[in-house]
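# Analysis of the macromolecular model
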Amino acid sequence: MKLRDMMFMSLFAAIVGVLAIFPPIPVPFIPVPIVVQTLGIMLAGGILGAKRGGLSVLLFVFLVAVGVPLLTGGRGGLGVLIGPTGGYIISWPIAAWIIGYLTEKSFRHLTYWKLVLITTFGGVIIVNIIGVTYLSILSDLPWGPTAISALVFLPGDILKALIASAVIIKITQVYPLIDRKKRVTY
C-alpha cells in the first residue's frame, strides 16, 4: 500500500472522528442516539473507493475498540461495540466498502442522483439492517418492532446521504481519488 493511500485513509478516519463534535441526539424509545458520524462513512466510501474507504473506517472502529473516545459523547472502548450501538458501528466499514464499490462500478457515469441512491443503499439501508439486527438480538426483541423504532433515523440519514452525495460529486470532479481509467478489482 502506498503512503498516499495510508494518508488518505488516516485523514478520513480523522474526519469521522471530528464529526463526533456534534452531540448525540438521544431517542427516548431506542438506546441508540442520532449521530452525524454516518456522514463521514458515506464520504469515506464515495471519495476513497471500496478498499481505501472500508479500511479507513475499519481503522476508525479499531481505534474506538482500543478505547480512543472518538464517538459522539466522547465514548470509546469495547463496551461500546458490544452495547446497543455496536451493530451500527460495526456496520460502518461494510457500508463504506459497499458505497465505494458501487461508486467505482459507476464512476464513469456517476450523477448526483445515482450517488444519492448509492449512499442511501450503503449508508442508510445496510447500516440500519445490520444495526437493527444486532440490537434486536442483543435486547432479545423481535426484529420488526426494533426496525420500526429505528425509522426515527430515516429523515436524518436521508439528509446525510443528500449532503454526502453533493460533496462526493464535487470532490470527484475537482480531485478524483478513484482512477477514472481503470476499475480497481478486489
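Quick note: structure is the one above.
Here we summarise the structure given alongside this text. (Residues numbered from 1 in each chain as written. Predicted model: local features only at pLDDT ≥ 70, side-chain atom pairs only at ≥ 80, totals over all residues. Heavy atoms only, no water.)

### Points about a nonpolar patch on the surface
Condition: Patch membership requires over 30% relative accessible area and the absence of a salt bridge. Like charges are linked within 9 Å, and nonpolar side chains (Val, Leu, Ile, Met, Phe, Trp, Tyr) within 5 Å. The Shrake-Rupley method, run with a 1.4 Å probe, gives the accessible areas here. Residue values count only the displayed protein chains as cover. The working definition used for a salt bridge is a side-chain nitrogen of Lys or Arg within 4 Å of a carboxyl oxygen of Asp or Glu. Where helices and strands are cited, they refer to DSSP runs of H or I of at least four residues and of E of at least two residues respectively, numbered from the N terminus. Only protein chains enter the accessibility calculation, which uses a 1.4 Å probe; a residue whose area is less than 20% of its type maximum is buried, one above 50% is exposed, and one in between is partly exposed.
Residues Met1, Leu3, Met6, Leu55 and Leu58 make up a contiguous nonpolar surface patch of about 500 Å² in total accessible area. Elements supplying a minimum of two residues to the nonpolar patch: α1 (3-18) and α3 (50-65). Within the secondary structure layout, leucine 55 lies in helix α3. Leucine 55 gets classed as partly exposed once you look at its relative accessible area, which sits at 32%.

### Some points on the pairing of strand β2 (residues 30-34)
Here is the rule we go by: Two strands are counted as paired when DSSP detects at least two bridges linking them.
In this structure, strand β1 (residues 25-27) lies alongside β2, joined through 2 bridges in antiparallel fashion. From the neighbouring strand, isoleucine 25 faces β2, where its bridge partner is isoleucine 34. The turn joining β1 and β2, which pair antiparallel and follow one another in sequence, is formed by 2 residues.

### Things to note about the side chain of threonine 72
How we decide: Whether two residues are in contact is decided by their heavy atoms: any pair within 4.5 Å suffices.
Its location among the elements puts threonine 72 in the loop between α3 and α4 (78-81). A relative accessible area of 0% places threonine 72 in the buried class. Ignoring any residue separated from it by four or fewer positions in sequence, one finds threonine 72 in contact with Leu19, Ala20, Phe22, Pro24, Val35 and Gln37.

### Observations regarding the nonpolar core
Spelled out, the test is: For the purposes of this section, nonpolar cores are sets of buried Ala, Val, Leu, Ile, Met, Phe, Trp, Tyr and Cys residues that join through side-chain atoms within 4.5 Å.
The biggest cluster of nonpolar side chains holds 48 residues, and the ones touching the most others in it are Ile30, Phe60, Tyr88 and Trp92. Examining the composition of this core, we find that 7 residues originate from one element, helix α2 (residues 37-48), more than from any other. Those residues in contact with tryptophan 92, other than ones at most four positions away along the chain, are Val35, Gln37, Thr38, Ile41, Val57, Phe60, Leu71 and Val127.

### Comments concerning the pattern of salt bridges
It is possible for side chains bearing opposite charge to pair when their charged atoms get close. Within this structure, the stated rule accounts for 2 salt bridges. Linking aspartate 5 and arginine 52 is a salt bridge whose minimum nitrogen-to-oxygen distance equals 3.1 Å. On the criterion of sequence distance, the pair formed by aspartate 5 in helix α1 and arginine 52 in helix α3 is long-range, its members being 47 residues apart. Here the two residues aspartate 5 and arginine 52 agree in accessibility, since each one is buried. One salt bridge connects lysine 160 with aspartate 157, and the closest N-O pair in it is separated by 3.1 Å. Placement of both lysine 160 and aspartate 157 in helix α8 (residues 154-174) is noted, with a separation of 3 residues, approximately one turn of the helix. Exposure remark for lysine 160: the relative accessible area of 10% places this residue in the buried category. Classification of aspartate 157 by relative accessible area gives buried; the value is 8%.

### A closer look at the side chain of threonine 120
Structurally, threonine 120 can be placed in helix α6 (residues 112-139). By relative accessible area, which is 16% here, threonine 120 ends up buried. Look past the residues within four positions of threonine 120 in its chain and what remains in contact with it is Ile125, Ile158 and Ala161.

### What about the packing of α1 against α3?
Where we set the bar: Throughout, an axis means a line fitted to C-alpha atoms (over the contacting stretch in the case of helices), and angles, computed between N-to-C directions, take values from 0 to 180 degrees. Our angle categories are set so that under 35 degrees counts as roughly parallel, over 145 as roughly antiparallel, 65 to 115 as roughly perpendicular, and the remainder as oblique. In this scheme, a crossing is called left-handed if the near helix is turned counterclockwise away from the far one by less than a right angle; it is called right-handed if the turn is clockwise.
For the pair α1 and α3, interaxial distance at closest approach is 8 Å and the crossing angle is 55°. The angle between α1 and α3 places the two elements in the oblique class. Handedness of the α1/α3 crossing: right-handed. Residues Arg4, Asp5, Met9, Ser10, Phe12, Ala13, Val16 and Gly17 of α1 form the contact with α3, whose participating residues are Arg52, Leu55, Ser56, Leu59 and Phe60.

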